[in-house]
Amino acid sequence: MWRYVFRRLGQIPIVLVVVTITIFIVVRSTPGDPIQIMLGMQTSPDAVAAIRHEFRFDQPLYRQYLLWLWDVVHGDLGRSVRLNQSVVSLLTERFPVSFRLALAAMVFAVLVSIPLGIISALRRNTWVDYLCTGVTLIGFSIPNFALALVLIFVLSVKLQLLPITGIGATSSSLWASIAPYVLPSLALGMLQVAVLTRLLRSSMIDVLSQDYIRTARAKGLMPSTVLVVHALKNALIPFVTMIAIQFGYLIGIQVTIEYTFAIPGMGTAILNAVVNRDFPVIQGFTLVIASFFLLTNILADILYSVLDPRIRY
Amino acid sequence: MTSPLLTVNNLRTSFRSDRGTVRAVDGVSFTLNRGEILGLVGESGSGKSMTAMSIMRLIPEPPGSVEADELRFDGIDLLALSERQMLDVRAARIAMIFQDPMRSLNPVLSVGRQLTETLRRHLALDGAAARRRAIELLEMVGIPMAKSRLGAYPHEFSGGMRQRVMIAIALSCNPSLLIADEATTALDVTVQAQIVDLIKTLVKDIGASVIWISHDLGLVANLCDRVNVMYAGRIVESGPIRDVFYRPSHGYTLGLMSCTPRIDLVGERLRPIEGLPPDLSRPMTLCPFLPRCAHSVDRCRTERPALIEEQPAHWASCFADLTGSWRQTT
C-alpha cells in the first residue's frame, strides 16, 4: 500500500515537468509581450530591455525553463510582471478562496446527490425518478454562469436572502463570512450534483440487482440494513472516488463563477495573468492546479482500496 | 405421521411485462414432510427457483405477483404474514443457499460480519456471543482456523469454502426448512460431493427438511427421498426417487434421463431434448412439452393431461404409456 502511494507520488514530478514545459512554450509562442503590455508603447527600448533582462526573458527558452525549475525546487515561483508581488504570496491569497469555494460546492453536491441518487434508484422509472432525471438534466445543460445569473436574480435581487459578493472582505459574524459562498457554490456545484446523482443512481441499480442483495434479503435483515449496509456500501465505492476526482477538477474551472461573483480566487488571477501575458503567474498557478489535480487523483485511488477490500496495491 | 412441514397448494407466480403476463409458476402443489429431502428438478426457466423464491416471499411485487390456495409452513399461513413478520421467518425458520457462492456473499463485508449479522438479527446475540457462535459455525462447516478467518473477505476464500460459509449462514439459526437452489452447480465435482455430504449431515443433526433444487439428476437421485419434476412452471411428475427414476411416467422426465450420462452405458450417445421450452407469456391449452416430446400420442393433440396418481404416490401428467421406454440396466 505505502509502496504504491510513494510510487504514485514519485510520478508527480514527471507529469509536472511535462505540463510546465508545455505551458512554458505555449505562453511564449502566443503573440503579446508582457513588458510591452505593462509599460505601453511610449517607453524607451532601453527600459524595456532592462526589465526583460530582470525577468530573464532575454535568455534562451531552455535556460529560462531550467532557471525557473531551479527556483521552483527552492520554493520560489518568481515575481508577477504586472503586480508588485511574488507568485507565492499571490497564491497564498488566492488558493484558500478557491479551495473553500470548491469544498462548499462539493459539500452541496454530495448532500444533494446522495438522497437523489438513492431515491431515483429505489423508485426507478416512477415520476420521482423522472423528476430527479430532470434536475440532473438541468445541471448538465445549463452553463454555470447562466445558472449563477438566475440565482443572483431570484435569491439576491428579488428575495434578498443572500449577498452576491463579499468573499475576501473582513466580516464580523460567522454567517457574514459564510453567506457570500452560498450562491457561487450552488452555481458551481450544480454540475457535480448532476454527475454524482447519475453515478449513484446507476451504481445503486447495479448493486441492488446483485446476488448478495438477494442473500441479504433472504437472511431476514431489516430493509434499512440491506439498503445501507449491503447496498450503499458497495454503491458508494465509485461515488467516493468520483468525488475526489471531481474535486481536483473543481479547483480549475471556477473562472466564470469567480468573475460573476467578484471572487478573488485563482480563476480571476489566472485570467488576468493570461490577458496581461504575466508568464510567471500563469506558470505558477498552472503548476499548483496540476499538482492539486494529481494529488486528488492519487487520493481517489487510495480511497478506492480503503473502501473495497478486493483492491490491494 | 404428523402434519407436513410445508404445504403448497396451487401456487401461481406471475410477472407483468411488456409482452404480457409471464406465468413463471403455474399452479404448483406439493407437500414436504418433516425431515424429508425433496428434489425439485427441471431445466433453466422451468420455475424451480421461482417456486423457492415464492415460498420465501422474495418475489418483488410489483412487477411480480404470488398467489396460492394454500402456502402453509409449520402451521403458519405465509401469504397472510406482513412483510415485517416475514422478516422473522427468513433465515430463522426457512433458510436458503444460492447457486453462485462467488456472487452471493457481499464483497465488501467480512465473512464474520455476514455471519454475525444474522445471529444478532434473529437470535439477539450480543457482539461477543455472536462472534463465538460464528466461530463455532465456521468450524462446523469445516473451515480451518475459523477464528482467524472471521475478518477475511469473501474473495479470500475458494469457491467451495465460500459455499461452506453460505451453509454456515443458512444454518446459523437452526431453520426447519433449508432451500438449496443449485447449491453445488457452480462448484468442482470433487467439492460438490463434499458440500452435498456436509449439508446432508448437518440437516440431519438439526432435523431440518430440505428442498433441493437442481438440474443434476444423478445428484438428486442420491440425495433426495422424493422428487418433483418441473416443466414450464408446473410439476409434470412427482414421486419417490426410485419410482420416478426406474419408471419415468412423463415424456419430459424420460427426455431428461436420456440426456444424462450413465456410467453403465459407455459408448452410448446422449440424446438431447430438441427444441426450446415454451414461451410462458402465451396461454397453454395442451401439454407444454408436446412440441419436444418423442412419445406423444393422438390424445396429446386434443387436450391437456392432468396430474394423476398413476402408481401409488407416483403422479404424472402424461397420456403416453412409457412402460419399458427407459432402458433398465441394473
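Residues numbered from 1 in each chain as written. Chains lettered and ligands numbered in written order. Predicted model: local features only at pLDDT ≥ 70, side-chain atom pairs only at ≥ 80, totals over all residues. Heavy atoms only, no water.

A. Structural view of the overall build of chain A. The helix and strand inventory of chain A stands at 13 helices and 0 strands. Sequence-ordered secondary structure for chain A, helices as α and strands as β, is α-α-α-α-α-α-α-α-α-α-α-α-α. Expressed along its principal axes, the backbone C-alpha trace of chain A runs to roughly 85 × 55 × 35 Å. A burial count over chain A gives 44% of its 313 residues as buried. (Helix = DSSP H or I, 4+ residues; strand = E, 2+ residues; numbered from the N terminus. Buried < 20%, exposed > 50% of the residue type's maximum accessible area, 1.4 Å probe, protein only.)

B. The overall build of chain B, seen in detail. What chain B contains, in helices and strands, is 11 helices and 13 strands. Here the C-alpha coordinates of chain B stretch approximately 70 × 50 × 45 Å along the principal axes.

C. Representation of the interface of chain A and chain B in the model. Opposite the 21 residues of chain A that make contact, chain B presents 26 residues. For the pair chain A and chain B, the summed buried surface comes to about 2,200 Å²; carbon and sulfur atoms form 60% of the total. On the surface where chain A and chain B come into contact, there are 2 salt bridges. With a closest N to O distance of 2.8 Å, lysine 219 of chain A and glutamate 117 of chain B form a salt bridge. (Contact = heavy atoms within 4.5 Å. Buried area = accessible area lost by both parts, 1.4 Å probe. Salt bridge = Lys/Arg side-chain N within 4 Å of Asp/Glu carboxyl O.)

D. Structural detail: the packing of helix 5 (residues 87–122) of chain A against helix 8 (residues 174–208) of chain A. Orientation of helix 5 of chain A relative to helix 8 of chain A, taken along the N-to-C sense of each, is 35°, at an axis distance of 5 Å. The chirality of how helix 5 of chain A crosses helix 8 of chain A is right-handed. (Axes fitted to C-alpha atoms, helices over the stretch in contact; angles between N-to-C directions. Left-handed = near helix turned anticlockwise from the far one by under 90°.)

E. Structural detail: the pairing of strand 7 (residues 94–97) of chain B. All names here are of chain B. Judged by which residues are buried, strand 7 turns out to be covered on both faces: Ile94 and Met96 on one side and Ala95 and Ile97 on the other are all buried. Relative to strand 8 (residues 177–181), strand 7 runs parallel, the two sharing 4 bridges. Of the residues in strand 8, the one forming a bridge with methionine 96 is isoleucine 179. (Pairing = 2+ DSSP bridges.)

F. Structural detail: the side chain of threonine 197 of chain A. Residues and elements named next belong to chain A. With respect to the helices, strands and loops of the structure, threonine 197 is situated in helix 8. Among the residues examined, threonine 197 registers a relative accessible area of 2% and is labelled buried. Engagement of the side chain of threonine 197 in a polar contact is seen with the backbone oxygen of valine 193, the distance being 2.6 Å. With near-sequence residues (within four places) excluded, threonine 197 lies in contact with Ser113, Leu116, Gly117, Thr136 and Gln192. (Polar contact = N/O pair within 3.5 Å; in protein donor to acceptor, adjacent residues only side chain to side chain.)

G. Quick look at the packing of helix 5 of chain A against helix 13 (residues 279–307) of chain A. Residues and elements named next belong to chain A. Viewed as axis vectors pointing N to C, helix 5 and helix 13 meet at an angle of 45°, and their least axial separation amounts to 11 Å. Considering their axes alone, helix 5 and helix 13 lie oblique with respect to each other. For the pair helix 5 and helix 13, the sense of crossing is right-handed. Of the residues in helix 13, those in contact with Val87, Leu90, Leu91, Arg94, Phe95 and Phe99 of helix 5 are Pro280, Val281, Gly284, Phe285, Val288 and Phe292. For the contact of helix 5 with helix 13, the class distribution of residues is 10 nonpolar, 1 polar and 1 charged. (Parallel < 35°, antiparallel > 145°, perpendicular 65-115°, else oblique. Nonpolar A, V, L, I, M, F, W, Y, C, P; charged D, E, K, R; others polar.)

H. Structural detail: the nonpolar core. One finds Ile55, Ile179, Ile211 and Trp212 of chain B to be the most contacted residues of the largest nonpolar core, which totals 100 residues. Excluding residues that lie within four positions of it along the chain, isoleucine 211 of chain B makes contacts with Leu6, Phe30, Leu32, Leu38, Leu40, Ile55, Leu177, Leu178, Ile179 and Ala180 of chain B. Among the nonpolar cores identified, the runner-up in size contains 72 residues, and Val226, Ala235, Ala273 and Leu294 of chain A belong to it. (Core = buried A, V, L, I, M, F, W, Y, C linked by side-chain atoms within 4.5 Å.)

I. Representation of helix 11 (residues 251–258) of chain B. Residues and elements named next belong to chain B. Among the 8 residues in helix 11, 8 count as buried, and that is most of the element. Every buried residue of helix 11 is listed here: Gly251, Tyr252, Thr253, Leu254, Gly255, Leu256, Met257 and Ser258. The secondary structure elements touched by the buried residues of helix 11 are strand 3 (37–41), helix 9 (217–223), strand 10 (226–231), strand 11 (234–240) and helix 10 (241–246).

J. Focus on the sheet that holds strand 10 of chain B. Residue and element names in this part refer to chain B. One open sheet accounts for 8 strands, arranged 7-8-9-3-10-11-13-12; its pairing is mixed. The sheet is open, and its two borders are formed by strand 7 and strand 12 (308–311), each paired with just one other strand. Geometrically, the sheet is characterised by an average inter-axis angle of 25° between neighbouring strands, direction not taken into account. Taken together, the 5 bridges between strand 8 and strand 9 (residues 209–214) define a ladder with parallel strand orientation. Paired with leucine 177 across the bridge in strand 9 is serine 209. Sitting on the sheet, helix 1 (residues 48–55) is in contact with strand 3, strand 7, strand 8, strand 9 and strand 10, with an inclination near 145° to strand 9. Sheet contacts for helix 7 (residues 159–171): strand 7 and strand 8; angle to strand 7, the most-contacted strand, approximately 175°.

K. Region of interest: the domain arrangement of chain A. Residues and elements named next belong to chain A. Along its sequence, chain A is organised into domain 1 (2–73) and domain 2 (90–307). Between the C-alpha centres of domain 1 and domain 2 there is a distance of 33 Å. Of the residues lining the interface, 21 residues belong to domain 1; the matching set on domain 2 comes to 18 residues. When domain 1 packs against domain 2, the two sides together hide about 1,700 Å² of surface, and 78% of this comes from carbon and sulfur. When the buried surface of domain 1 facing domain 2 is broken down by residue, Arg8, Leu16 and Val27 rank first, second and third, together holding 25% of it. At the boundary of domain 1 with domain 2, the tally comes to 1 salt bridge. (Domains from an automatic or database assignment.)

L. Focus on the environment of leucine 174 of chain A. Along the chain, leucine 174 of chain A falls in helix 8. Distance in space between the C-alpha atoms of leucine 174 of chain A and tyrosine 130 of chain A is 38 Å, their sequence separation being 44 residues.

M. Here's a closer look at the packing of aromatic side chains. Residue and element names in this part refer to chain A. Across all of its chains, the model carries 14 aromatic pairs over all chains by this definition. Ring geometry for phenylalanine 55 and phenylalanine 57: centres 5.7 Å apart, planes at 20°, overall stacked. Grouping residues by exposure puts phenylalanine 55 and phenylalanine 57 together as buried. Between phenylalanine 247 and phenylalanine 292, the aromatic rings sit 5.7 Å apart at their centres with planes inclined by 55°, giving tilted as the arrangement. (Phe/Tyr/Trp six-rings, centres within 6.5 Å; stacked < 30°, edge-to-face > 60°.)

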